[in-house]
Amino acid sequence: MHSVEPRTSWTFVTHHARILAMVQRDPQTRLRDMAAACEVTERAAQAIVTDLESAGYLTRVRHGRRNHYEVTPGTLFRHPAEGQHEIADLLKLLTDLDRPDPGGRTRS
């Protein structure tokens with residue numbers, strides 16, 4: 001029996017969702033840190049932030065030399081299949097992944 005190579009490299013969570021979750025965790029996260037966490041260039045991370053801001057999922061306000069981001073409450077998923085659900089539910093799941101669970105184990 002031979003092994004089959006996967007057709008593509010993909011994940012269940014998009015870069016857009018990862019960046020939105022990072023903003024939820026830390027509204028003053030730097031673009032550089034977003035890019036590093038998603039393993040993309042800063043330019044790509046900037047394009048994602050622009051997408052999210054243009055679509056109304058987050059706002060960006062300049063505070064001195066840093067940006068302050070805020071996830072817009074009540075925003076819904078874009079695809080009609082999930083369109084009746086708020087993004088907040090997904091963000092809660094993603095932001096809870098790095099918190100220790102009540103049993104003392106660290107989620108990864």
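Predicted model only: the values in this text are computed from it and were never measured. (Residues numbered from 1 in each chain as written. Predicted model: local features only at pLDDT ≥ 70, side-chain atom pairs only at ≥ 80, totals over all residues. Heavy atoms only, no water.)

1. Quick word on helix α4 (residues 87–96)
Then step 1. Within α4, burial applies to I87, L91, L94, T95 and D96.
Then step 2. Residues of α4 that are buried make contact with α1 (15–25) and β2 (66–71). (Buried < 20%, exposed > 50% of the residue type's maximum accessible area, 1.4 Å probe, protein only. Helix = DSSP H or I, 4+ residues; strand = E, 2+ residues; numbered from the N terminus. Contact = heavy atoms within 4.5 Å.)

2. A short note on the layout of surface pockets
Then step 1. Roughly 360 Å³ of internal volume is contained in the largest pocket.
Then step 2. If you trace the largest pocket, you find 18 residues lining it, with T14, H16, A17, F77 and I87 closest to the centre.
Then step 3. Elements represented by at least two residues in the lining of the largest pocket include exactly α1, α3 (42–54) and α4.
Then step 4. When the residues that make up the lining of the largest pocket are grouped by side-chain class, the tally is twelve nonpolar, four polar and two charged.
Then step 5. Taken as a whole, the second largest pocket spans an internal volume of roughly 180 Å³.
Then step 6. What lines the second largest pocket is simply Q28, T29, R30, L31, R32, E42, Q46, R62, R65, R66, N67 and Y69.
Then step 7. For the lining of the second largest pocket, the elements supplying multiple residues, two or more each, are α2 (31–38), α3 and β2.
Then step 8. Ranked by residues supplied to the lining of the second largest pocket, first place goes to β2 with three residues.
Then step 9. Partitioned by chemical class, the residues of the lining of the second largest pocket number two nonpolar, four polar and six charged. (1 Å grid on protein atoms, 1.4 Å probe; cavity = no way out; pocket = protein on both sides within 12 Å on 5 of 7 lines; lining within 4 Å. Points joined across faces, edges and corners; volume = space filled by probe spheres on them. Nonpolar A, V, L, I, M, F, W, Y, C, P; charged D, E, K, R; others polar.)

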